[in-house]
Amino acid sequence: MNIYSFTRQDFEKYFEKIGEKKYKALQIYDWLYKKRVNSFDEMTNIKKELKEKLKKDFNFEKPQIIKIQNGKDVHKFLFKLKDNEKIEAVLMNHDYGNSLCISTEVGCNMGCAFCESGRLKKRRDLTTDEMVLQILEIEKTVNTRISHIVLMGIGEPFDNYNNVMKFIDIINDDMAVAIGARHITISTCGIVPKIKDFSKEKRQVNLAISLHAPNDELRSKLMKINKVYPLKEVIEAVKEYLKINNRKVTFEYIMLKDINDDPKYAVELANLLKGLNCYVNLIPYNETSHIEFKKSDNKQIMKFYDVLKKNKINVTVRREFGSEVDAACGQLRSNYKEE
Ligand code: SAH
């Protein structure tokens, strides 16, 4: 078992089961996440026999950073996993702190037309420890603390639901990585049953929905998932989420030149979202060499923005990060493969 896959409760149960005191869980967590040791031998307050037992049950196996690309305020990391699969994470320096965009799967089956990760299909889920360790390894490598986590790297978080929830339990725990729930954002392409499950968990984590189009005809062309869960169902699920959780929802909208960036779509979008406690994040498309979509002109993005504003929709334009470092979701991995 990888030691970074255990929540504090998992450890408590484990220690109870082997006839040890529950508080040992806290001790282990302190070594792992506060002192950041890499072996049981460094845990000086654990007695020898228990250490031997722990060594049999747990390993400290870590994904390895095999490539780093640095840009202005952005650092991109390529990881090699134990089975040789590759994933990536992107660290962005904001004025409010450091946010890390992490991967949740090796590849992705959602098959969005504009996305590099989908081009390479899903190979497997990431385990909880592989997600936790993206944070720990990057913090160690660049000697920094990460304040915000976004689940917007390779993969669809709601297609790996249980591991992702466990990951959140660990990083959100004050005794572990201690990243506040409000500093964590899950982004989904709109898997409706999982949005419903997530609503019921009543977590303070932010929910972002990748919308990218205001009607089914256009959305189905861009996102295969829309044929399974059309817009109406996605919006219904978001309404349900908003009823249970008093949190603003984010709708992401990539700006694709001549595809979805006509101001008429902004009007349509405003009507779709009217009255919802939400905001829209317009994302300048990150062009990739394998996919023919182009980024909208800034002027067009601002026109779109203005229409939404006029229609009283909260809207922001995402600052562009990392087009110089293959930062589009899945790009580093896929370019590495071809090298
Ligand atoms: N599967 C999840 C999370 C990963 S993708 C989701 O769909 O939300 C994170 C975000 O990046 C999504 O909004 C996705 O549509 C967007 N994205 C994918 N490729 C992109 C690109 N080349 N440029 C800009 N955004 C992109």
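Here the structure is a predicted model, which is why all the values come from computation and not from measurement.

Student: Sorry if this is basic, but what is going on with the sheet that holds strand S10 (residues 249–255) here?
Tutor: Across a sheet, strands are paired by hydrogen bonds formed along the backbone, either parallel or antiparallel in direction. Read from one edge to the other, the open sheet built from 10 strands follows the order S1-S2-S3-S4-S7-S8-S9-S10-S11-S12, with strand pairing classed as mixed. Of all strands in the sheet, those with a lone pairing partner are strand S1 (64–71) and strand S12 (314–317), marking the two edges. In this sheet, adjacent strand axes meet at a mean angle of 20° when their direction is disregarded. Judged from the 7 bridges that link them, S1 and strand S2 (residues 74–80) form a sheet pairing that is antiparallel.

Student: Any chance you could explain the pattern of salt bridges here in plain terms?
Tutor: A side chain of one charge can pair with a side chain of the opposite charge when the charged atoms of the two come close. Applying the stated rule across the entire model yields 26 salt bridges. Residue Arg36 pairs with Glu139 through a salt bridge whose shortest N-O separation is 2.7 Å. Taken together, the residues Arg36 in the loop between helix H2 (24–34) and helix H3 (48–57) and Glu139 in helix H5 (residues 128–142) connect sequence positions 103 residues apart. The exposure class of Glu139 is buried, given its relative accessible area of 3%.

Student: Hey, could you run me through the site of the ligand in this one?
Tutor: Lining the immediate surroundings of the ligand are 20 residues, of which Glu156, Ser187, Ser210, His212 and Asn286 lie closest. Within the backbone of Asn286, an N or O atom sits 2.8 Å from a nitrogen atom of the ligand. Among the secondary structure elements, those contributing two or more residues to the shell around the ligand are strand S8 (184–188) and S10. Along the lines of polarity and charge, the residues of the shell around the ligand split into 11 nonpolar, 7 polar and 2 charged.

Student: It is not clear to me how the layout of surface pockets should be interpreted in this structure. Could you clarify?
Tutor: Rolled over the atoms, a probe with the dimensions of a water molecule shows which regions are left empty. The calculated volume of the second largest pocket comes to roughly 150 Å³. Looking at the second largest pocket, the residues that line it are Tyr4, Leu32, Arg36, Val37, Asn38, Lys62, Leu136, Glu137, Glu139, Lys140 and Arg145. Of the residues contributing to the lining of the second largest pocket, the split by class is 4 nonpolar, 1 polar and 6 charged. Mapped onto the domain boundaries, the lining of the second largest pocket takes at least three residues apiece from domain 1 (3–57) and domain 2 (64–338).

Student: Just to check I follow, could you spell out the domain arrangement of the protein for this structure?
Tutor: For an interface, size is often stated in terms of accessible area lost upon the parts coming together. Segmentation of the protein into domains returns domain 1 (3–57) and domain 2 (64–338). Computed over C-alpha atoms only, the centres of domain 1 and domain 2 are separated by 34 Å. Contacts between domain 1 and domain 2 engage 12 residues on the former and 17 residues on the latter. Counting each side, the surface lost to burial between domain 1 and domain 2 is near 1,200 Å², with a carbon and sulfur contribution of 57%. Considering only the surface of domain 1 that becomes buried against domain 2, Tyr4, Tyr33 and Arg36 emerge as the three largest contributors, covering 44% of it.

Student: Can you help me understand the pairing of S8 in this one?
Tutor: On a regular strand, one side chain projects to one face of the sheet and the next to the other, so that they alternate. By the criterion of burial, S8 is predominantly enclosed, with 5 of the 5 residues buried. With burial as the criterion, each face of S8 is covered, one bearing Ile184, Ile186 and Thr188 and the other bearing Thr185 and Ser187. As defined by bridge partners, strand S7 (residues 148–151) adjoins S8 across 3 bridges and the pair is classed as parallel. When the sheet's bridge partners are listed, Leu151 is paired in S8 with Ile186.

Student: When you look at the environment of Ile138 in this model, what are you seeing that I'm missing?
Tutor: With respect to the element layout, Ile138 can be found in helix H5. Ile138 gets classed as buried once you look at its relative accessible area, which sits at 0%. Placed 139 residues apart in sequence, Ile138 and Asn277 show a C-alpha to C-alpha distance of 34 Å. What Ile138 contacts, discounting residues up to four positions off in sequence, is Ile65, Phe77, Phe79, Ala89, Leu91, Leu100, Leu133, Asn143 and Ile146.

Student: What's the story with the packing of aromatic side chains in this structure? I'm lost.
Tutor: Remark: the centre distance and the inter-plane angle together describe each pair of aromatic rings, the angle taken between the planes. With the rule as written, the count across this model stands at 17 aromatic pairs. Ring geometry for Tyr14 against Phe58: centres 5.1 Å apart, planes inclined by 70°, an arrangement best described as edge-to-face. Placement of Tyr14 in helix H1 (residues 8–17) and of Phe58 in the loop between H3 and S1 is noted, with a sequence separation of 44 residues between them. Of the two residues, Tyr14 and Phe58, neither departs from the other in class, the shared state being buried. Taking 5.0 Å as the distance between ring centres and 35° as the angle between the ring planes, the aromatic pair formed by Tyr253 and Phe304 counts as tilted. Of this pair, Tyr253 sits in strand S10 while Phe304 sits in helix H12 (residues 298–310), and the two are 51 residues apart along the sequence. The exposure class assigned to Phe304 is buried, which follows from its relative accessible area of 0%. In textbook terms, an aromatic cluster arises when at least three aromatic residues are bridged by ring pairs, as seen for Tyr4, Phe6, Phe11, Tyr14, Phe15, Tyr29, Tyr33, Phe40, Phe58 and Phe60. Across the ring face of Trp31, the terminal group of Lys35 is positioned such that the distance to the ring centre comes to 4.5 Å.

Here is what the cut-offs are and how they apply
Residues numbered from 1 in each chain as written. Predicted model: local features only at pLDDT ≥ 70, side-chain atom pairs only at ≥ 80, totals over all residues. Heavy atoms only, no water. Pairing = 2+ DSSP bridges. Helix = DSSP H or I, 4+ residues; strand = E, 2+ residues; numbered from the N terminus. Axes fitted to C-alpha atoms, helices over the stretch in contact; angles between N-to-C directions. Salt bridge = Lys/Arg side-chain N within 4 Å of Asp/Glu carboxyl O. Buried < 20%, exposed > 50% of the residue type's maximum accessible area, 1.4 Å probe, protein only. Near = heavy atom within 4 Å. Polar contact = N/O pair within 3.5 Å; in protein donor to acceptor, adjacent residues only side chain to side chain. Nonpolar A, V, L, I, M, F, W, Y, C, P; charged D, E, K, R; others polar. 1 Å grid on protein atoms, 1.4 Å probe; cavity = no way out; pocket = protein on both sides within 12 Å on 5 of 7 lines; lining within 4 Å. Points joined across faces, edges and corners; volume = space filled by probe spheres on them. Domains from an automatic or database assignment. Contact = heavy atoms within 4.5 Å. Buried area = accessible area lost by both parts, 1.4 Å probe. Phe/Tyr/Trp six-rings, centres within 6.5 Å; stacked < 30°, edge-to-face > 60°. Lys NZ or Arg CZ within 6 Å of the ring centre and 35° of its normal.

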